[in-house]
Amino acid sequence: MTVGAGGLRFARPVLFFWALAAASSAGALSSTEDALRRVRAQRVWEDPQWLRLGHWKPAWMGRGYASDAEQGDFFLDPSGAKDPRAEIEAMTRGLFDDNPGPRPQHPRCRFPARASWLIGRLDVDASLLVRADCSAYEDWRRLMDPGKASLIFASAYLSNPASMFGHTFLRLERRGVGEGERLRDHTLNFSAETGDDGGALFALKGLAGLYPGRYAVQPYYMMVQQYNNIESRDLWEYRLSMSTGEIDFLVAHAWEMGAATFPYYFFSKNCSYQLLPALEAALPDRSLMAGSPLVVAPVDTLRAVLAQPQLVEGVSFRPSHATSMRWRRGQLGSVERRAAEAFAGGRVDDGDALLSAMGPQRQALVLDAAHDYILYKEGHSPDVSDTVRILERNILTRRAKIGAPSVEVGAPSWAAPPDEAHRRKRVRFGGGIGREGSFSELGWRPGYQDLLDRPHGFLHGSQIESLSWRLRFDHVERRVSIRDLRLIEVLSVEPWDPWMPKPSWVMGTGIETAFEKGRSASRSLIYEGHLGTGLAANAGPKATTWAMLMGEGALGSVLDRGWRIAGGVRAGLTINVSGAWRAAVDGELTAPFLGDKTPNHRLNAGLNWAPHRDRAIRAEVGLRGPHREGGIYALFYH
């Protein structure tokens, strides 16, 4: 008998009813006590798949287990978060429970993935189980109707500390719809509930794990609106090769996790890390990330998935609105750009006059670019002023009269998948010579990149470093000292764009060496912080220059009176010499006006050669006050 695709779709039962409808074998179980005896005899609570479903990991020093999820609605047993045996026994009783009591859902409905797996694992005679009303889950499952899944990577967003390293989430793709309808798919996302917190409070609570994190399912168009349009972040979509059964199990586990709460840690158990346990539950034969790393970035999640053989079957790029606007504007000549700006500024007579000399295809491109410009300036909210609506109407009515289709936006030349970037962590070692003699140096940076690193796959014009340090061995004094320890260093030097005017800025804090005091490095450590803002500009097709006004503060016993407050001007230049060569110069003139008044003028220059994605040689020279030094270093990214 032949059954059509539509018949298969509507005949496919809900996930755990596959188990309920399965024929029982000669050894199938039919009672609670028989099932519990088998659980205990086979120690099923130690099964890796059961541990994945409860997000249990070995506890500190190997003493039992602890779940990443907090005790609550994610567990049936009061001690379930720390006792997978107690939880599996409670779930086993729940399979046969004909009276779930005050619980709003029967255990088989509240935990469909656990129930399906346990019925199969114990060989329970499913036909003897009482029927449970799982209509809430069934309706939710039918609403999504997923047949595929994709891992989505959102590029870095420097304006939000929680997003400056990027973001990852899953898209659950509906069956039987074309690629043009993907905005109506659903997503599985993990995020922290931070309320209105910001600044230092946000950082402290995020580092200490004081925010609750939750999984949520929401439409893809809402994520696109937030990331693509409002925050101007490009999206990279990695389609996963998962079977129908694996997708069904992922969705069932997503339902289970909907009521769970997980402590959110900014650097480790964050939005990126928490996707991996969800995927592992649906992929029992794969291990995506072992243990609980101290630092997990979105690109680590992406690389963990890509490292699995044949798990990723395709990659696509969804440019942000800002990227699309820049691309269209780049196709315009100078007259065409003036026409687009005229329409976007409400000068329709000027725009019409310029447009009249163009062909239909060029007119369409100009009007599309003008509309992009308005959307970028005014946002994508329907609640806009009448003035904006008039500007849009002037453009759209003219566009509707032109039969030429819109030009399809191409991928910008600088856009590269994040997995093609150099590895996040970097070890650096080498040596050099200064006024005080020669030295050797060892450094480590957990992430992410600086202006001399190979920029391929990263947000161009940005520097993001955190928890990086350098140790120096002075060959004259025969002593090891801290060269610097940067808690955070963020620099954004995006060239000024009249359509997207954004200032350049820098902020950073940490320990560094005050060489301007003329003492040895081991006796010149200070704690400093700085902020600055200014402008950047293109200095040619491969160069960017910038200048900023700076404010600084420092504390340390080497300073007069133990502290310093200063202002200054900082300027720099970066040059992409070639694909493998990159150069940079960065200098600052400071004016200390409170506390220590020692002049602290600085200049640093570097040349980076990266013949391989994860290997580089770097030469650096620098001065700070009377101090001079130069060195050569080997860089290994891992």
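**Concerning the overall build of the chain**
And then number 1: Secondary structure summary: the chain contains 18 helices and 22 strands in total.
And then number 2: The principal-axis extent of the C-alpha atoms belonging to the chain is close to 85 × 75 × 45 Å.
And then number 3: Within the chain, the fraction of its 638 residues that count as buried is 51%.
And then number 4: Accessible surface for the chain amounts to roughly 28,800 Å². Of this, 57% is attributable to carbon and sulfur atoms.
And then number 5: The positive charge centre, built from 77 side chains, and the negative charge centre, built from 72, are 4 Å apart in the chain.

**Describing the packing of helix 7 (residues 112–122) against helix 11 (residues 244–257)**
And then number 1: Remark: helix 7 packs on helix 11, axes separated minimally by 7 Å, with the N-to-C direction vectors making an angle of 125 degrees. As the angle between them shows, helix 7 and helix 11 are arranged oblique. Contact residues: helix 7 offers Pro112, Ala113, Arg114 and Trp117, while helix 11 offers Phe249, Ala252, His253, Trp255 and Glu256.
And then number 2: Counted by class, the contact of helix 7 with helix 11 contains 6 nonpolar, 1 polar and 2 charged residues.

**Let's talk about empty space enclosed by the protein**
And then number 1: Considering all chains together, one arrives at 5 cavities of 30 Å³ or more under this definition.
And then number 2: Put simply, the largest cavity is a space of about 1,200 Å³.
And then number 3: Of all the elements, strand 21 (residues 615–624) adds the most residues to the lining of the largest cavity, at 6 residues.
And then number 4: Of the residues assigned to the lining of the largest cavity, the class counts are 14 nonpolar, 12 polar and 21 charged.
And then number 5: Approximately 180 Å³ is the volume found for the second largest cavity.
And then number 6: If you trace the second largest cavity, you find 18 residues lining it, with Phe165, Phe266, Phe267, Val296 and Ala297 closest to the centre.
And then number 7: In terms of residue class, the lining of the second largest cavity is made up of 13 nonpolar, 4 polar and 1 charged.

**Brief notes about the side chain of Glu629**
And then number 1: With respect to the secondary-structure elements, Glu629 resides in strand 22 (residues 627–637).
And then number 2: Of the polar contacts made by the side chain of Glu629, one reaches the side chain of Arg472; its length is 2.8 Å.
And then number 3: Of note is the side chain of Glu629, whose polar atom sits 2.8 Å from the side chain of His627.
And then number 4: Setting aside chain neighbours within four positions, we find Glu629 in contact with Ile433, Gly434, Phe439, Arg472, Arg483, Phe515, Glu620, Val621 and Gly622.

**Details of helix 3 (residues 32–42)**
And then number 1: Every buried residue of helix 3 is listed here: Ala35, Leu36 and Val39. The buried residues of helix 3 occupy an angular sector of 100 degrees when the element is viewed end-on, so they sit on one face.
And then number 2: Buried residues along helix 3 sit in contact with helix 5 (84–96) and helix 7.
And then number 3: At the C-terminal side of helix 3, Arg43 shows a positive phi close to 50 degrees.

**Some remarks on the confidence of the model for the chain**
Reading predicted coordinates in detail is not appropriate for stretches of low pLDDT.
And then number 1: Per-chain confidence: the chain averages 88 in pLDDT, with 94% of residues scoring 70 or above.
And then number 2: In this model, residues 1–26 is a region of pLDDT below 50 whose contacts with residues beyond four sequence positions or in other chains number 36 contacts.

**Focus: the packing of helix 17 (residues 360–378) against helix 18 (residues 386–400)**
And then number 1: For the pair helix 17 and helix 18, interaxial distance at closest approach is 9 Å and the crossing angle is 160 degrees. In terms of orientation, helix 17 lies roughly antiparallel with respect to helix 18. Crossing handedness for the pair helix 17 and helix 18: left-handed. Between helix 17 and helix 18, the residues in contact are Ala364, Leu367, Asp368, Ala370, His371, Ile374, Leu375 and Glu378 and Val388, Leu391, Glu392, Ile395, Leu396, Arg398 and Arg399, respectively.
And then number 2: Here the residues of the contact of helix 17 with helix 18 sort into 9 nonpolar, 1 polar and 5 charged.

**Some thoughts on the pattern of salt bridges**
And then number 1: Per the stated rule, a full pass over the model turns up 61 salt bridges.
And then number 2: Linking Glu237 and Arg318 is a salt bridge whose minimum nitrogen-to-oxygen distance equals 3.1 Å. Taken together, the positions of Glu237 in strand 7 (residues 235–240) and Arg318 in strand 9 (residues 312–318) put the pair 81 residues apart, joining distant regions of the chain.
And then number 3: You can call Glu237 buried: its relative accessible area is 8%.
And then number 4: For Arg362, the salt bridge goes to Glu336, with nearest N and O atoms at 2.7 Å. Here Arg362, found in helix 17, pairs with Glu336, found in helix 15 (residues 334–344); they are 26 residues apart in sequence, far enough to count as distant.
And then number 5: Accessibility expressed as a relative area gives 33% for Arg362, which makes it partly exposed.
And then number 6: With a relative accessible area of 12%, Glu336 lands in the buried category.

**Quick look at the sheet that holds strand 7**
And then number 1: Reading across from one edge, 8-6-5-4-3-7-9 is the order of the 7 strands in this open sheet, with antiparallel pairing throughout. The strands lining the two open edges of the sheet, one partner per strand, are strand 8 (262–264) and strand 9. Across this sheet, the average inter-strand angle for adjacent strands is 30 degrees, counted without regard to direction.
And then number 2: Sheet analysis places strand 6 (residues 211–219) next to strand 8, joined by 3 bridges and oriented antiparallel. When the bridges of strand 8 are listed, Tyr211 appears paired with Tyr264.

**Thoughts on the state of the cysteines**
And then number 1: Taken as a whole and assessed by the stated rule, the structure comprises 1 disulfide.
And then number 2: Covalent S-S linkage joins Cys109 and Cys134, the inter-sulfur distance amounting to 1.9 Å. Linking Cys109 and Cys134, the disulfide has an S-S dihedral of approximately -75 degrees and is accordingly described as left-handed. Within this pair, whereas Cys109 is found in helix 6 (residues 107–110), its partner Cys134 is found in the loop between helix 7 and helix 8 (135–144), the two being separated by 25 residues in sequence.

**Some words on the pairing of strand 21**
Within a regular strand, the side chains alternate between the two sheet faces.
And then number 1: Sheet topology note: the strand 20 (residues 602–612)/strand 21 ladder contains 9 bridges and is antiparallel. Residue pairing in the sheet places Trp609 in a bridge with Ile617 of strand 21.
And then number 2: Linkage of strand 20 to strand 21, two consecutive antiparallel strands, is achieved through a turn of 2 residues.
And then number 3: Bridging between strand 21 and strand 22 involves 10 bridges; their strand directions are antiparallel. Paired with Ala619 across the two strands is Ile632, which belongs to strand 22.

**Notes on the environment of Pro503**
And then number 1: Examined against the element boundaries, Pro503 turns out to sit in the loop between strand 14 (479–492) and strand 15 (504–513).
And then number 2: Between the C-alpha atoms of Pro503 and Leu294, which are 209 residues apart in sequence, the distance is 34 Å.
And then number 3: For Pro503, the residues in contact, after removing those within four places along its chain, are Trp496, Thr533, Gly534 and Leu535.

**Re the packing of aromatic side chains**
And then number 1: By the definition in use, this model includes 22 aromatic pairs.
And then number 2: A ring pair is formed by Phe169 and Tyr220, whose centres lie 6.4 Å apart and whose planes are at 50 degrees; its orientation type is tilted. Note that Phe169 is positioned in strand 4 (residues 167–174) and Tyr220 in helix 10 (residues 220–230), a separation of 51 residues in sequence.
And then number 3: Overall, Phe169 belongs to the buried group, its relative accessible area being 0%.
And then number 4: By way of ring pairs, the aromatic residues Trp50, Trp56, Phe74, Phe75, Trp117, Phe190, Tyr215, Phe262 and Tyr264 are connected into one cluster.

Cut-offs used in this document
Residues numbered from 1 in each chain as written. Predicted model: local features only at pLDDT ≥ 70, side-chain atom pairs only at ≥ 80, totals over all residues. Heavy atoms only, no water. Helix = DSSP H or I, 4+ residues; strand = E, 2+ residues; numbered from the N terminus. Buried < 20%, exposed > 50% of the residue type's maximum accessible area, 1.4 Å probe, protein only. Areas by Shrake-Rupley, 256 points an atom, 1.4 Å probe, with all protein chains shown as cover. Lys, Arg positive; Asp, Glu negative; His and termini not counted. Charge placed at Lys NZ, Arg CZ, Asp CG, Glu CD. Axes fitted to C-alpha atoms, helices over the stretch in contact; angles between N-to-C directions. Parallel < 35°, antiparallel > 145°, perpendicular 65-115°, else oblique. Contact = heavy atoms within 4.5 Å. Nonpolar A, V, L, I, M, F, W, Y, C, P; charged D, E, K, R; others polar. 1 Å grid on protein atoms, 1.4 Å probe; cavity = no way out; pocket = protein on both sides within 12 Å on 5 of 7 lines; lining within 4 Å. Points joined across faces, edges and corners; volume = space filled by probe spheres on them. Polar contact = N/O pair within 3.5 Å; in protein donor to acceptor, adjacent residues only side chain to side chain. Arc of directions from axis to C-beta. pLDDT = per-residue confidence, 0-100. Left-handed = near helix turned anticlockwise from the far one by under 90°. Salt bridge = Lys/Arg side-chain N within 4 Å of Asp/Glu carboxyl O. Pairing = 2+ DSSP bridges. Disulfide = S-S within 2.5 Å. Phe/Tyr/Trp six-rings, centres within 6.5 Å; stacked < 30°, edge-to-face > 60°.

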